[in-house]
Amino acid sequence: MADGIEPQPGILDIALYKGGASHLDGISNVLKLSSNENPLGASDAAKEAVVRASHDLHRYPPTDHSALRHAIAEVWGVDPDRVFCGVGSGEVLKLLAEAYAGPGDDVVFTEHGFSMYPIYAHASGANPVVVRENERVVDVDAILAACTDKTKLVFIANPANPTGTMIGHAEVARLADGLPPQALLVLDGAYAEYVDGFDAGKALVESRDNVVMSRTFSKIYGLGGLRVGWGYGPQAVIDVLNRIRGPFNLSSAALAGAEAAVRDTAHTEKCRIENARWRDWLANALAELGVPSDTSTANFILARFADAAEAQACDEHLRKAGIIVRQVAGYGLPQCLRITVGDESACRRVAHAVAQFKGAGK
Ligand SMILES: *Cc1c(COP(=O)(O)O)cnc(C)c1O
C-alpha cells in the first residue's frame, strides 16, 4: 500500500466482531444457541410478504420507509414522523455514533455492555469509556460519575446482552435527567419485546429531548437475516440520521417482511410466552445442577460456573454433544456461558448435556 494512506483515527483500534459459531466439524444435527435467534422463526405473514416483494425486485425501494414507519407507529403507539429505519438496529446505533461523536469525545457504556458499542465509538474516532456494573447490572451512579463535558453518547441495552438483566423505569429516568446537557442517552431495546408490557423507553423519549431508543427485527421477530431495525427519538435527532443514511438503505424485501412481522402481533405474543416458559424452565434446571444465572428478562440466560476453567470445560462438552453456546470471556465474563433459549427440545437437550457434564466431573 502507498505510504501515507491511512484510515481515520480509531479504525485500526477495532477488534473484528465475532459472531456466534454455527457449525461443528463432523457433527450433523447441530443446535445453534449462540446468537439469540428465535427458535420459532419468522411469522408466516413476514415470509409471504418477502416472497411477494420478489416480484418487484427490479424496482428501487421507497426511500422514506413510510409504510413500515406507519405500521410500527400503529403497533407501538409512537409518532411515525419520529421513527427511523435502519439496516438492523446496528445501523441506527452506528449512525448515532457517527453523527454525535468524533475525535476528542467520549462514548460511555458499561463493562459487560454489547460488544458493538466500542466498535461504533472507535469507528467515529471517539474514546470508548467503560464503566463498572454492579453484580452484572447497569449502575446508574457509576455511569453518571463517568460523564464529563466530553461525553456525547451513553449506550445501555435494557434488557442487557449478555447479562440478561435490566434496570427499571425510574433508574433510566434518573440516568437521563443526570446527564450533562451535550450527552444523548441511547436505550438499546433489542430484547424489549421479551418483557411483557415494557415500553422500552418510549415514554422517556417522548418526555425528554436527550433520549433515543433502538429496536430490532433480529430477535423476537426472527428476522436476523433480513437486517431491519428502527429508532425512535427527538425530531432533531431523527432529522440528523435521515441526512446521513443511504437513501435506499433498506431493500424492498426487508421493508415488506418487517412490516408484515410487526403487524403479526399474535406471533410476537406467542414467541414471548414460549420464550419466558422455556427460559425459566432452563434456568431452574441448570440451577438445580449447580449452575446459577441472574434472572433473565431476555431470550438467553447467562449461566455462571465455578470459574473460567469449568465454563470452558462445559463448553467443550456441549460442543461434543453438538450444542453451540456463546463464550463471553470477551465481555469480561470468562466464568460464564450465554445460552440462547431454544424450543422445548433444545432446552431439554442443553439441560441433559449439562447434567452429563456435571455428573462426569464428580
Ligand atoms: C442482537 C442485538 C442487537 C441487534 O442488532 P441488529 O443489527 O438489529 O441485528 C442490538 N443490540 C444488542 C444488545 C443485541 O444483542
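Our structure is the block above this text.
All values derive from a computational prediction rather than experimental measurement.

Turning our eyes to something else, we now look at unusual backbone geometry. The linkage connecting N158 with the following residue, P159, adopts the cis geometry, with an omega of 0°. Within the fold, P159 resides in the loop between β5 (151–157) and α6 (169–178). Here the residue pair N161 and P162 is connected by a cis peptide bond, since its omega of 10° sits within 30 degrees of zero. With respect to the secondary-structure elements, P162 resides in the loop between β5 and α6.

Before going further, it helps to examine the packing of helix α3 (residues 88–100) against helix α8 (residues 235–244). Each pair of packed helices can be described by the angle between their axes along with the distance between the axes. Two elements in contact, α3 and α8, have axes whose closest approach is 10 Å; the angle formed by their N-to-C orientations is 95°. One finds that α3 runs roughly perpendicular with respect to α8. Facing V92, L95, L96, E98, A99 and Y100 of α3, the residues of α8 in contact are A236, V237, V240, L241 and I244.

Take helix α9 (residues 252–263) next. Helix length check: α9 (12 residues) gives 17 Å between terminal C-alpha atoms against 16 Å at 1.5 Å per residue, within 8%. Along its buried surface, α9 packs onto α1 (44–53), α2 (66–76) and α10 (265–288).

Every residue close to the ligand is listed here: G88, S89, G90, F114, N161, D188, A190, Y191, T216, S218, K219 and R227. The backbone of G90 places a nitrogen or oxygen atom 2.9 Å from an oxygen atom of the ligand. Contact between the ligand and Y191: an oxygen atom at 2.6 Å from a side-chain N or O atom of the residue. The fraction of the free accessible surface of the ligand (390 Å²) that becomes covered by protein chains is 90%. The greatest single-element share of the shell around the ligand, amounting to 3 residues, is contributed by α3. Looking at the shell around the ligand, its residues break down into 3 nonpolar, 6 polar and 3 charged.

The rules behind each value
Residues numbered from 1 in each chain as written. Predicted model: local features only at pLDDT ≥ 70, side-chain atom pairs only at ≥ 80, totals over all residues. Heavy atoms only, no water. Helix = DSSP H or I, 4+ residues; strand = E, 2+ residues; numbered from the N terminus. Axes fitted to C-alpha atoms, helices over the stretch in contact; angles between N-to-C directions. Parallel < 35°, antiparallel > 145°, perpendicular 65-115°, else oblique. Contact = heavy atoms within 4.5 Å. Expected span 1.5 Å × (residues − 1). Near = heavy atom within 4 Å. Polar contact = N/O pair within 3.5 Å; in protein donor to acceptor, adjacent residues only side chain to side chain. Areas by Shrake-Rupley, 256 points an atom, 1.4 Å probe, with all protein chains shown as cover. Nonpolar A, V, L, I, M, F, W, Y, C, P; charged D, E, K, R; others polar.

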